[in-house]
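Residues per chain are reported as follows:
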Amino acid sequence: MEIITKNSQETQKLGQGIGFKLKPKKILALYGDLGAGKTTFLQGLAKGLGVKRRVISPTFVFLKEYPILDGSIFYHLDLYRIENSKDALGLGLKEIFDDPKAIVVIEWADKIEGLLPKKRTDIYFDYLSDQERKITIKEK
Ligand code: ADP
Ligand code: MG
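Residues numbered from 1 in each chain as written. Chains lettered and ligands numbered in written order. Predicted model: local features only at pLDDT ≥ 70, side-chain atom pairs only at ≥ 80, totals over all residues. Heavy atoms only, no water.

Chemist: With reference to specific residues and values, describe the site of ligand 1.
Modeler: Near ligand 1 you find 16 residues, and of these Thr11, Gly35, Lys38, Thr39 and Thr40 are the closest. Separating a nitrogen atom of ligand 1 from a backbone N or O atom of Gln131 is a distance of 2.9 Å. Arg133 places a polar side-chain atom, nitrogen or oxygen, 3.1 Å from an oxygen atom of ligand 1. Here ligand 1 loses 75% of its free accessible area of 580 Å² to cover by the protein chains. When residues in the shell around ligand 1 are grouped by element, the largest group, 3 residues, is from helix H2 (residues 38-49). (Near = heavy atom within 4 Å. Polar contact = N/O pair within 3.5 Å; in protein donor to acceptor, adjacent residues only side chain to side chain. Areas by Shrake-Rupley, 256 points an atom, 1.4 Å probe, with all protein chains shown as cover. Helix = DSSP H or I, 4+ residues; strand = E, 2+ residues; numbered from the N terminus.)

Listed below in structure tokens is the structure:
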């Protein structure tokens, strides 16, 4: 599926609609350059999931978790600052990926390509213009 959003609100709304329907256990791998809209999208997604706290991209923390009212957990991984998958080995990713309660969203997922579960959703963010982004969703 391919969607073009015309501003950041549209990208947030897209995330929100997807988040509203998501059930654990789910892994979303996000790809795209800095400023492509990954965090914007996942802020909407978190809202749709019912996460009450504001989701920001932590500067030095790679992994943050947010409880959801229904007992599931939203994990936000931002791997911008890691060099390669070796740097992610200490994060306990396997446990998180196997957790039946987890909804995991990974920014810069290409950095841990070899560690990603086969069953996941890939979402690509492409910059088209100042306000336009192309978002491509692929179920694997
Ligand atoms: P990333 O996490 O991929 O680095 P961010 O979501 O943090 O990207 O930043 C996207 C930036 O682009 C924000 O400043 C946002 O306001 C701006 N922007 C402009 N148009 C869009 C759009 N259509 N979708 C998402 N963000 C947009
Ligand atoms: Mg980001």
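Chemist: Mind laying out the coordination of the magnesium ion (ligand 2), listing which residues take part and the relevant values?
Modeler: With distances of 2.1 to 2.2 Å, the protein atoms coordinating the magnesium ion (ligand 2) are Thr39 (OG1) and Glu107 (OE). Placement of Thr39 in helix H2 and of Glu107 in strand S5 (residues 102-107) is noted, with a sequence separation of 68 residues between them. Look at Thr39 and you get partly exposed, because its relative accessible area is 21%. By relative accessible area, Glu107 is classed as buried at 2%. (Donors = N, O, S within 2.8 Å, 3.2 Å for Na, K, Ca; no water. Buried < 20%, exposed > 50% of the residue type's maximum accessible area, 1.4 Å probe, protein only.)

Chemist: Account for the environment of Ser8, with residues named and values stated.
Modeler: Summarising the element assignment, Ser8 is placed in helix H1 (residues 8-21). Linking Ser8 and Phe41, residues 33 residues apart in sequence, is a C-alpha distance of 8.2 Å.

Chemist: Got a sec to walk through the packing of aromatic side chains? Specific residues and values, please.
Modeler: Both the distance between ring centres and the angle between the ring planes are used here to describe each pair of aromatic rings. According to the stated counting rule, one finds 4 aromatic pairs in the structure shown. Measuring from ring centre to ring centre gives 4.7 Å for Tyr31 and Tyr124, while their planes differ by 15°; the resulting arrangement is stacked. Highlighted residues: Tyr31 in strand S2 (residues 26-31) and Tyr124 in strand S6 (residues 121-127), separated in sequence by 93 residues. Ring geometry for Tyr80 and Trp108: centres 5.1 Å apart, planes at 35°, overall tilted. Placement of Tyr80 in the loop between strand S4 (73-78) and helix H3 (93-98) and of Trp108 in the loop between S5 and S6 is noted, with a sequence separation of 28 residues between them. Tyr80 gets classed as partly exposed once you look at its relative accessible area, which sits at 36%. Judged by relative accessible area, Trp108 falls into the buried class, the value being 12%. For the cation-ring pair, Lys38 lies above Trp108, with the distance from its terminal atom to the ring centre recorded as 4.3 Å. (Phe/Tyr/Trp six-rings, centres within 6.5 Å; stacked < 30°, edge-to-face > 60°. Lys NZ or Arg CZ within 6 Å of the ring centre and 35° of its normal.)

Chemist: Can you break down the packing of H1 against H2 residue by residue, with the values?
Modeler: One way to put it is that H1 packs onto H2 with a least axis distance of 6 Å and a crossing angle of 40°. Of the possible angle classes, the one that applies to H1 and H2 is oblique. Between H1 and H2 lies a crossing whose hand is right-handed. Together, Ser8, Thr11, Gln12, Leu14, Gly15, Gln16, Ile18, Gly19 and Phe20 of H1 and Thr40, Phe41, Gln43, Gly44, Leu45, Lys47, Gly48 and Leu49 of H2 make up the contact between the two elements. When grouped by side-chain class, the residues that make up the contact of H1 with H2 number 6 nonpolar, 10 polar and 1 charged. (Axes fitted to C-alpha atoms, helices over the stretch in contact; angles between N-to-C directions. Parallel < 35°, antiparallel > 145°, perpendicular 65-115°, else oblique. Left-handed = near helix turned anticlockwise from the far one by under 90°. Contact = heavy atoms within 4.5 Å. Nonpolar A, V, L, I, M, F, W, Y, C, P; charged D, E, K, R; others polar.)

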